[in-house]
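Read off the chains here:
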Amino acid sequence: RAYLTDQLQRAGTSISLNIAEGSSEFSTQEKNRFYRMAKRSATETAAILDISKRLNIVYENNYQAGRELLIRIVMMLTKLAQKSD
């Protein structure tokens, strides 16, 4: 299942990188674009976590903690993107 690990690492890293890029932009349109990309990466990360659970390769407590964190991240990014409009 190394492909899932790789995809999870890339999607998770993309969240932070897009937030950092968005925060350094002056244009509200560009900020919004990066925050939306980060949000897509967060939902992709959540999907990978769901797949991992179905394959029984993640502990339930890790799944729940990751899911709760990702929900909070998506909520934060949704608000950031709305502020940038």
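Residues numbered from 1 in each chain as written. Predicted model: local features only at pLDDT ≥ 70, side-chain atom pairs only at ≥ 80, totals over all residues. Heavy atoms only, no water.

A short note on helix α2 (residues 28–54)
Put simply, the test is: A run of H or I in DSSP counts as a helix once it spans at least four residues, and a run of E counts as a strand once it spans at least two, with each numbered from the N terminus. Helices are assigned an expected span. That span is 1.5 Å times one less than the residue count. Partly exposed describes any residue whose relative accessible area lies between the buried limit of under 20% and the exposed limit of over 50%, with all areas from a 1.4 Å probe on protein chains only and scaled to the type maximum. Should any heavy atoms of two residues lie within 4.5 Å, those residues are counted as being in contact. Any N or O atom pair separated by 3.5 Å or less is treated as a polar contact, with the protein-specific requirement of one donor-capable and one acceptor-capable atom, and with residues adjacent in sequence counted only for side-chain atom pairs.
For α2, with 27 residues, the first-to-last C-alpha span of 39 Å sits near the 39 Å given by 1.5 Å per residue. Among all positions of α2, only K31, N32, F34, Y35, A38, S41, A42, T45, I48, L49 and S52 are buried. Tucked inside the fold, the buried residues of α2 contact α1 (2–23) and α3 (60–83). At the N-terminal boundary of α2, the capping side chain belongs to S27, with an oxygen 3.3 Å from the backbone nitrogen of Q29. Looking at the residues trailing α2, positive phi occurs at N56, about 60°.

Quick word on a nonpolar patch on the surface
To be explicit about the condition: In this scheme, patches are assembled from residues that exceed 30% relative accessible area and form no salt bridge. Like charges are connected within 9 Å, while nonpolar side chains (Val, Leu, Ile, Met, Phe, Trp, Tyr) are connected within 5 Å. Computed with the Shrake-Rupley method and a 1.4 Å probe, the accessible areas treat only the protein chains shown as cover for residues. Definition used for salt bridges: Asp or Glu carboxyl oxygen within 4 Å of a side-chain nitrogen of Lys or Arg.
On the surface, a nonpolar cluster with roughly 370 Å² of combined accessible area is contributed by Y3, I51, L55 and I57. Position of L55 among the secondary structure elements: in the loop between α2 and α3.

Considerations on the nonpolar core
Using the following cut-off: Here the nonpolar core consists of buried residues drawn from Ala, Val, Leu, Ile, Met, Phe, Trp, Tyr and Cys, with membership extended through side-chain atoms lying within 4.5 Å.
Counting residues in each nonpolar core, the largest one holds ten residues, listed as I15, Y35, A38, A42, L49, Y63, L70, I73, L77 and A81. Among the secondary structure elements, those contributing two or more residues to this core are α2 and α3. In terms of residue count, the dominant contributor to this core is α3 (five residues). Filtering out sequence-adjacent residues up to four positions away, A38 remains in contact with I15, N18, I19 and L77.

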